[in-house]
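Fold and geometry: a report
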Amino acid sequence: MSNLLASVVSSAGSLEAYGRVLEAVQNNVSNASTPGYAKQRVELYAIPFDPASGSTGGVRAGKLVSARNEFAEQAVRQQTSGMGYQQQLVDSLTAIQSNFDISGNQGIPRALNNLFQSFSAWGATPDNQAARQTVVARATDLALSFQHAVNTVSAQARDAEQQISQTVDQVNQLVGQIQGYNHLVMQGNQGDAGLSTRTHASLEELATLVDVTATFESDGTVNLTLNGETPLLLGDQQFKISSSVYQPQEPPPANASGPAIVRIQRSDGSDITSKTTGAQLGALLHLRNQILPSFIGDAYQAGDLNVMAKQFADRVNQLLTSGNITDGPPAEAGIALFTYDTTNATNAAASLSVDPSVTPDQLAAISPGPPAVSNGVPLTLSALANPVQDADKVNGVSYTQFYGLLAGRVGSALNDATDNQDAQRSLVAQAKSLRQQYQGVSLDEEATILMQFQRAYQATSKLLSVLDQLTEATINILQ
C-alpha cells in the first residue's frame, strides 16, 4: 500500500514539474517577437530514489533560468554604437556635401569663373564702361557666394549643436529609465523576465547614442559607464552628463573671436569631450568640432573658406592698387575693390563684400610698368584662373583647385562613411544573429519541447489514473 501511495505522490510531483515547463514554453512563444526578450527554461531535477529510506524518486521543477548571454548582448551594443556613429556621419556629411558644388554651375565655382571671364573681357576693352560694370557685378556675386557658403555651414554648425544637446538629453532620459529598473530589481524583482527585457531594450537604444558599457551585479542591477570610465549609473544613483558651448583658452587661441566649440561634461563638470568618440554623440562632436571648423574656422584655425576669401581679395586688391586709373599727368593710383573684416580671420568670408564707394570707372586698368600697359592689370587678373606665379595661388594651387580640394574632402569623407556604414551594418547583423542563436526563441524548438512534455504529461496523468484505480482496489480488498 505504501508503495502505491509513494508512486501517487511522485507522479503528482512530476505533473506539477511538467506543467511549469509547459507554462515557460507558452511564455516563450508569446514573446517570440518581443524586442530584447530572451527565452527561458525551467530546470528539472531528479529526486533521489531510495525505498529503504523512504525517498520516492521522481522529478521536481527548479528555478526559471533565462538564456540571456551578456557577452552576446554587449557585442550587439558595441556594434550598434559603431553603426550609430557611421549613420550619423553619413546623414551629416550628405547635408554638408550639398553646399559644395564642383560642377561649376552654382555657388563659388560659378561666381569665380564668371569673374575671371569678366576680367578677360575687360582686358580686351579696358576703357569700356560696360565691361568695368560687369567686373563690379561679378565681384559682388562672388562675395555673396562666399557669404552664402559660410552662412550655410554656420547654420549646420548650429544644427549640430542642437542635435548634441538633444542627444545628451536622450542619454540622460534613457539612463533614468534604467535607473528606475534598477530600483525595481532592488525591491525584489531580480528574476522578472519582463523587467530584464525592458532593461536590455533600453540599453540597446542607449548604445546607438553613446558608447556605453553595462556591468551587471550579483543583485541583478546594472552599472553604466560612458567610454568605459565615466559613470552614468551606479545602482540606483544616476550621474547626468551635459553639453555646453565654450571658447577654449588653453593653449591661447589664435582667433579669440572665432566660433566656439561644443564640449561634453560629466556630472562633476569635468570635460570629457576628447573621450566621447563613439556612437551618434561622438559623430556629432567630430562633425561640430573638427569637420565644420575646417571650413569656417575656430579658435585655432581660420577655416578654408576664410583662407580662400581673404587671399583672393588681397591679391585682387593688390593688383588693382598697383595699377593706375589714368596715366595723368599726374597718374591716378588704383583703389581696392574688396573689403572684409581684417580683425577676425574667421570672419573673412562672411564679411567679404565689394566696397560700395567704388565705381566702375575707378578700376585701375593701366599697369605702370615700365613700360606702361593700358590693359596690364585686367590681363594679370584674368591670369588668376590659371596661375603660374606663387603669388597668384592659394596654398600652392589655383583658387579653383583649392575649392575643388575643399569640396573633394567632403566627398571623400562621405564615401568613407558610406563604406563603413555598409560594413558596420553587416557586423550588427552578425552580432544579432549570434545573440539569436544563444537566447532567441525558436518556434520549431519550442514546438518540439511542447510535444515532448505534453506526451510526458499525458503519460504521467494516465499512470496516475491507473495508480488511483489500484489504490481504490487495494482499499476495497483490505476492507
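Before reading on, note that the structure itself is shown above.
Comments concerning the nonpolar core
One finds Phe100, Phe295, Phe312 and Phe338 to be the most contacted residues of the largest nonpolar core, which totals 61 residues. Here this core gets twelve residues from one element, more than from any other, and that element is helix 4 (residues 129-186). With residues up to four places along the chain from it excluded, the contact list for Phe312 reads Leu112, Leu115, Phe116, Leu142, Phe338, Leu384 and Tyr399. Ranked by size, the runner-up nonpolar core spans 28 residues in total, among them Val168, Tyr181, Val222 and Ile264.

As for the packing of aromatic side chains
Scanning the entire structure with this criterion turns up five aromatic pairs. Ring geometry for Phe100 and Tyr403: centres 6.2 Å apart, planes at 50 degrees, overall tilted. Of this pair, Phe100 sits in the loop between helix 2 (70-97) and helix 3 (107-124) while Tyr403 sits in helix 11 (residues 399-439), and the two are 303 residues apart along the sequence. The exposure class assigned to Tyr403 is buried, which follows from its relative accessible area of 4%. Measuring from centroid to centroid gives 6.2 Å for Phe116 and Phe312, while their planes differ by 65 degrees, and the two rings are edge-to-face. Taken together, the positions of Phe116 in helix 3 and Phe312 in helix 8 (residues 304-322) put the pair 196 residues apart, joining distant regions of the chain. The burial state of Phe116 is the same as that of Phe312; both residues are buried. An aromatic cluster of at least three residues, connected via ring pairs, comprises Phe116, Phe312, Phe338 and Tyr399. Residue placement shows Arg263 over the ring face of Tyr246; its charged tip is 4.2 Å from the ring centre.

Some points on unusual backbone geometry
Leave glycine aside and you will find that most residues have negative phi; peptide bonds, for their part, are mostly trans. The step from Glu250 to Pro251 runs through a cis peptide bond, and the omega angle for that step is -5 degrees. Relative to the assigned elements, Pro251 resides in the loop between strand 9 (242-246) and strand 10 (261-265). Following Pro370, the chain continues to Pro371 via a peptide bond in cis, the omega torsion being -5 degrees. Tracing the backbone through its elements, the reader meets Pro371 in the loop between strand 14 (353-354) and helix 10 (376-382). Even without being a glycine, Asn227 presents a positive backbone phi close to 60 degrees. Positive phi, normally seen in glycine, also occurs at Ala279, with a value near 60 degrees. The residue Ala279 is located in helix 6 (residues 279-291) in this model.

What counts, and where the lines are drawn
- Residues numbered from 1 in each chain as written.
- Predicted model: local features only at pLDDT ≥ 70, side-chain atom pairs only at ≥ 80, totals over all residues.
- Heavy atoms only, no water.
- Core = buried A, V, L, I, M, F, W, Y, C linked by side-chain atoms within 4.5 Å.
- Buried < 20%, exposed > 50% of the residue type's maximum accessible area, 1.4 Å probe, protein only.
- Helix = DSSP H or I, 4+ residues; strand = E, 2+ residues; numbered from the N terminus.
- Contact = heavy atoms within 4.5 Å.
- Phe/Tyr/Trp six-rings, centres within 6.5 Å; stacked < 30°, edge-to-face > 60°.
- Lys NZ or Arg CZ within 6 Å of the ring centre and 35° of its normal.

All quantities given are derived from atomic positions and should not be read as evidence of function.
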